[in-house]
Amino acid sequence: MNYDGNTYLKAFCLSGSLNYTRYFFKQKTGRSFVVNSHHVAICNALDDVLSGKTNRLIINIAPRYSKTELAVKNFISMGLALNPSSKFIHLSYSDDLAHDNSEEIRDIVKSDSYQKLFPYVTIKKDSDSKKKWLTTEGGGVYAVATGGQVTGFGAGAVDDEELFSEIDSISTGKFSGAIVIDDPIKPVDALSDLKRDRVNNRFENTIRNRVNSRNTPIIIIMQRLHEDDLCGYLQRIEPEKWKVLSIPCIIQEEGEERALWPFKHTLEELYAIRDANSYVFDTQYMQNPTPIEGLMYRDFPVYETIPYYKDSIRKNYTDTADTGADFLCSICYVDTPVGNYVTDVLYTDKPMEYTEPETAKMISRNGIEWADVESNNGGRGFARNVASQCREMGNTKTFINWFCQTDNKQVRIFAKSADVNNMTFFPKGWEKKWPAFYNAVTKYRKEGGNLHDDAPDALTGCYEKRKVRIIKNYSKEDLGL
């Protein structure tokens with residue numbers, strides 16, 4: 001029997017989803033697909049779906065790491081090559097994303113390179129839209145947002161349906177389609193209980209029921225965004241049913257850290273992302289979402305003496321009371337290369353007649369060189385009065401810097417909580433020195449039940465100002481003299 005080049009190429013592409021991706025990525029872009037270990041792991045997991053070994057798969061990996069290319073575009077088009085009667089439902093958090101992916105899959109199927117190998121996969125001319133397109137063999141793709149209507153179309157084949165395929169599947173049975181969910185919720189919506197629960201409930205009430213058989217695979221590909229996102233929810237309620245492939249961007253090997261894919265992010269670049277926002281890094285890049293419920297902070301490190309560093313700076317951060325019910329929180333600390341060492345705290349709901357002179361006294365006795373005062377809601381006047389009172393006390397050392405804080409307080413506190421926890425040192429016995437402040441910090445909850453957030457807000461501000469280095473040569477005019 002004679003075999004032409006197309007026959008061998010077809011066999012190569014259908015031998016595994018990685019080979020398929022390498023070939024069609026080159027045909028589509030003219031570039032070679034840069035293969036890394038995580039691509040191999042994802043493709044092996046997808047091959048298990050195609051072979052019938054896995055019918056519930058979760059893949060968690062960072063954005064821009066080829067997850068959609070592998071698990072949506074190439075997986076679906078390869079599934080149609082294996083069986084042109086395969087039925088797919090593709091979902092994403094928006095119609096636009098789902099439709100764009102559907103269009104790219106359709107373009108692959110229509111391409112000359114695909115048709116040369118799989119001419120039996122043809123699209124019906126009267127059903128050729130981004131939302132829904134069908135093959136002449138009864139297969140096809142229905143693409144819609146996770147919150148959209150999924151009616152009149154089911155994924156996979158019914159249990160007693162006689163499947164048609166011109167070629168043998170890579171499995172012992174016949175692959176017949178799947179539900180493929182790519183990023184079911186926006187990152188910005190993940191912290192909303194309402195929007196998160198809406199997606200999870202949608203999966204239960206509608207999406208899960210759109211399979212034509214209990215054996216029809218469901219694949220969810222997403223970056224982790226919250227402890228109770230769709231992946232977390234499903235792993236909690238039915239952990240035995242789902243195969244989970246979770247791939248962090250930093251790999252630990254023999255006590256050393258290395259980047260998962262240096263072609264995309266070097267270790268230094270990943271560290272920079274982590275430093276910029278540890279919460280985003282832990283969830284989206286390490287697939288390890290921080291629990292929302294419970295206490296915000298773990299135990300803080302304590303010290304007996306402050307280590308000496310020649311470039312240490314004595315600083316202060318003051319969050320003035322925004323409303324009459326709020327507390328003023330003023331924290332003095334030593335900014336060192338290894339963390340902030342808290343030296344004094346003023347935490348009170350007393351009026352400005354009390355807080356202004358007391359803040360000036362605390363700043364002066366702690367030898368503060370630079371003080372940051374939030375200027376929101378009267379903070380600018382507070383800063384000027386504290387500066388004036390410092391001068392009256394003979395303190396010509398402290399520079400009072402007022403600034404406007406425009407970022408959302410709760411988001412700042414939550415996003416920086418791990419950094420604050422790791423980089424803040426309190427003196428031994430701080431629970432007795434500042435009991436009200438201690439309770440406000442250590443009992444602060446991640447979600448709900450907090451009467452005040454002034455103490456965590458000020459601690460967050462101390463961390464945020466760590467990178468602000470000060471100029472010590474002030475003019476008399478700067479110092480208000």
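The paragraphs below set out a description of the structure included in this document. (Residues numbered from 1 in each chain as written. Predicted model: local features only at pLDDT ≥ 70, side-chain atom pairs only at ≥ 80, totals over all residues. Heavy atoms only, no water.)

## Considering the overall build of the chain
Tallying secondary structure elements over the chain gives 17 helices and 17 strands in all. Taking 2.2 N^0.38 as the reference for a compact globule, 481 residues should give roughly 23 Å; the C-alpha atoms of the chain span a radius of gyration of 29 Å, well beyond that estimate. The buried share of the chain, taken over its 481 residues, is 55%. As displayed, the chain has an accessible area near 22200 Å², and 48% of this comes from carbon and sulfur atoms. For the chain, the separation between the mean place of its 61 positive charges and that of its 66 negative charges on side chains is 1 Å. (Helix = DSSP H or I, 4+ residues; strand = E, 2+ residues; numbered from the N terminus. Rg over C-alpha atoms; globule rule 2.2 N^0.38 Å. Buried < 20%, exposed > 50% of the residue type's maximum accessible area, 1.4 Å probe, protein only. Areas by Shrake-Rupley, 256 points an atom, 1.4 Å probe, with all protein chains shown as cover. Lys, Arg positive; Asp, Glu negative; His and termini not counted. Charge placed at Lys NZ, Arg CZ, Asp CG, Glu CD.)

## Regarding the packing of helix H4 (residues 67–82) against helix H5 (residues 95–110)
Remark: H4 packs on H5, axes separated minimally by 9 Å, with the N-to-C direction vectors making an angle of 45 degrees. Between H4 and H5, the interaxial angle falls into the category oblique. Here H4 runs over H5; the crossing is right-handed. Contacts between H4 and H5 involve Thr-68, Val-72, Lys-73, Asn-74, Ile-76, Ser-77 and Leu-80 on the former and, on the latter, Asn-101, Glu-104, Ile-105, Ile-108 and Val-109. Split by residue class, the contact of H4 with H5 holds six nonpolar, four polar and two charged. (Axes fitted to C-alpha atoms, helices over the stretch in contact; angles between N-to-C directions. Parallel < 35°, antiparallel > 145°, perpendicular 65-115°, else oblique. Left-handed = near helix turned anticlockwise from the far one by under 90°. Contact = heavy atoms within 4.5 Å. Nonpolar A, V, L, I, M, F, W, Y, C, P; charged D, E, K, R; others polar.)

## Observations regarding the pairing of strand S3 (residues 123–128)
Two elements, S3 and strand S4 (residues 132–135), share two bridges in a ladder whose sense is antiparallel. Considered in S4, the bridge of Asp-128 is made with Trp-133. Where S3 folds back on S4, the antiparallel hairpin that results is connected by three residues. (Pairing = 2+ DSSP bridges.)

## Quick word on the packing of aromatic side chains
All chains considered together, the criterion is met by 28 aromatic pairs. Ring centres of Tyr-20 and Phe-24 lie 4.6 Å apart, and the angle between their planes is 40 degrees; this geometry places the pair in the tilted category. Within this pair, Tyr-20 and its partner Phe-24 are both found in helix H2 (residues 17–29), separated by four residues, close to a single helical turn. Tyr-20 sits in the buried class, given a relative accessible area of 0%. Judged by centre distance (5.4 Å) and plane angle (35 degrees), the ring pair of Trp-261 and Phe-263 falls under tilted. The class of Phe-263 is exposed, set by a relative accessible area of 58%. By way of ring pairs, the aromatic residues Tyr-297, Phe-300, Phe-327, Tyr-347, Phe-426, Trp-430, Phe-437 and Tyr-438 are connected into one cluster. Stacked on the ring of Tyr-354, the Lys or Arg Lys-350 has its end atom at 4.3 Å from the ring centre. (Phe/Tyr/Trp six-rings, centres within 6.5 Å; stacked < 30°, edge-to-face > 60°. Lys NZ or Arg CZ within 6 Å of the ring centre and 35° of its normal.)

## Examining the packing of helix H1 (residues 5–13) against H2
Helices that pack against each other are described as a pair by the angle of their axes relative to one another and the distance between those axes. Two numbers describe how H1 lies on H2: the axes approach to 7 Å, and their chain directions differ by 125 degrees. Here H2 runs oblique to H1, going by the angle between their axes. Mapping the contact onto sequence places Leu-9, Phe-12 and Cys-13 in H1 and Asn-19, Tyr-20, Tyr-23 and Phe-24 in H2. When grouped by side-chain class, the residues that make up the contact of H1 with H2 number six nonpolar, one polar and no charged.

## Side note on the environment of Arg-210
With respect to the helices and strands, Arg-210 occurs in the loop between helix H7 (193–207) and strand S7 (218–222). Excluding residues that lie within four positions of it along the chain, Arg-210 makes contacts with Ile-89, Val-150, Thr-151, Gly-152, Phe-153, Gly-154, Ala-155 and Ile-179.

## Brief notes about the nonpolar core
Ranked by internal contacts, the top residues of the largest apolar core, which has 57 residues, are Phe-24, Leu-46, Phe-75, Phe-88, Tyr-114 and Phe-118. For this core, the element with the most residues is H4, which contributes nine residues. Counting residues in hydrophobic clusters, the runner-up holds 29 residues, among them Tyr-317, Tyr-333, Phe-414 and Phe-426. (Core = buried A, V, L, I, M, F, W, Y, C linked by side-chain atoms within 4.5 Å.)

## With respect to the pattern of salt bridges
Tallied over the entire structure, the rule returns 26 salt bridges. Glu-69 serves as the salt-bridge partner of Lys-28, at 3.0 Å between the closest nitrogen and oxygen. Placement of the pair is Lys-28 in helix H2 and Glu-69 in helix H4, with a sequence separation of 41 residues. Judged by its relative accessible area of 36%, Lys-28 is partly exposed. Of the residues examined, Glu-69 reaches a relative accessible area of 13% and is grouped as buried. The salt bridge involving Arg-106 is made with Glu-103; its shortest N-O contact spans 3.8 Å. In this pair, Arg-106 and Glu-103 both sit in helix H5, three residues apart, roughly one turn of the helix. Given a relative accessible area of 10%, Arg-106 falls into the buried group. (Salt bridge = Lys/Arg side-chain N within 4 Å of Asp/Glu carboxyl O.)

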